[in-house]
Amino acid sequence: MQRAAGLLFLLLSAIFVACEKRQTEPNPTPLKPGAIKGILSPADAAVRLVCTPASGGAAVELENPGGSFKIDNVPAGQYTVSVIPKLGYTAPAGVGVTITGGDTANAGTLILVPNSPTAGFLKFNLDGNAYNLAVPDVTCSYTGTALTITATTPPTPPYWTFAFGLANVTGTGTHTLGLTSRDSIQGNQYLPVYTYALVYSTKTLDGSGSIILAELDPVTRVVSGTFSATMPQKGLGPTKHMTNGSFRLNY
């Protein structure tokens, strides 16, 4: 009986010591966040960098990273660094990096390969004259719900500038143009005999047309679609007709 009681005492004592030790042991110090750096080539060929953790947590992203990039305050762990390319480029394979705590992981040089030189375009016929415009003569922006496209023909008189404006874009679909519409296409024609532009627009009494968005991708930031327009000159003057219009651009 005494022997059993002694064994029980020893067992309880061991449990007490273990519990006391566990309570007094300090929690492990969390690893400090670090950074990920690298170089993109060409410098303006990427829309976004995405650093995906192997743990399955939230990705760390950097918009418009430019040439040399550095992402600070990245939690310690293993990551795959991927590039979302601009239209006209192919991204390299993802690169694995590891942040062990407070250090800077180097993803190296990420090279994007150009595709067709005609990627990023806006083309149409204007009263029988064909125009096929490409970046950088065409620009596109999408801010909030407003989509804007501007284009300039080669600067040999007579030449044109065009502005496409859609006020409430939330996805693909058809936007009707006209006098009372918030959306429009406007063309400014510059002739050598005038010191001002002749303005043609769908926002006139007999103006009409449509812009049909077929693609609006928030990941690659690509928008594409087709369009047509009847644009009377503001004031007295002729009417210009845009037909067979199409575009595919980064915004």
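For the structure, check the block above.
Residues numbered from 1 in each chain as written. Predicted model: local features only at pLDDT ≥ 70, side-chain atom pairs only at ≥ 80, totals over all residues. Heavy atoms only, no water.

1. Points about the pairing of strand β17 (residues 197-201)
Okay, step 1: Of the pairings in the sheet, the one linking strand β16 (residues 184-190) to β17 comprises five bridges and is antiparallel in character. When the sheet's bridge partners are listed, Gln189 is paired in β17 with Leu198.
Okay, step 2: Here β16 folds back onto β17 in antiparallel fashion, the turn holding six residues. (Pairing = 2+ DSSP bridges. Helix = DSSP H or I, 4+ residues; strand = E, 2+ residues; numbered from the N terminus.)

2. A short note on the packing of aromatic side chains
Okay, step 1: Throughout the structure, instances matching the rule amount to nine aromatic pairs.
Okay, step 2: With a centroid separation of 6.1 Å and 55° between ring planes, the pair formed by Phe124 and Phe227 is classed as tilted. Residue Phe124 is located in strand β10 (residues 121-126), and its partner Phe227 is located in strand β19 (residues 222-232); the two are separated by 103 residues in the primary sequence. Each member of the pair, Phe124 together with Phe227, is buried.
Okay, step 3: Each ring, one from Trp160 and one from Tyr200, has its centre 5.5 Å from the other, and the planes form 45°; the classification is tilted. With Trp160 in strand β14 (residues 159-166) and Tyr200 in strand β17, this residue pair connects regions lying 40 residues apart in the sequence.
Okay, step 4: Trp160 gets classed as buried once you look at its relative accessible area, which sits at 4%.
Okay, step 5: Within the aromatic cluster, the residues linked to one another by ring pairs are Phe124, Tyr131, Trp160, Phe162, Phe164, Tyr200, Phe227 and Phe247. (Phe/Tyr/Trp six-rings, centres within 6.5 Å; stacked < 30°, edge-to-face > 60°. Buried < 20%, exposed > 50% of the residue type's maximum accessible area, 1.4 Å probe, protein only.)

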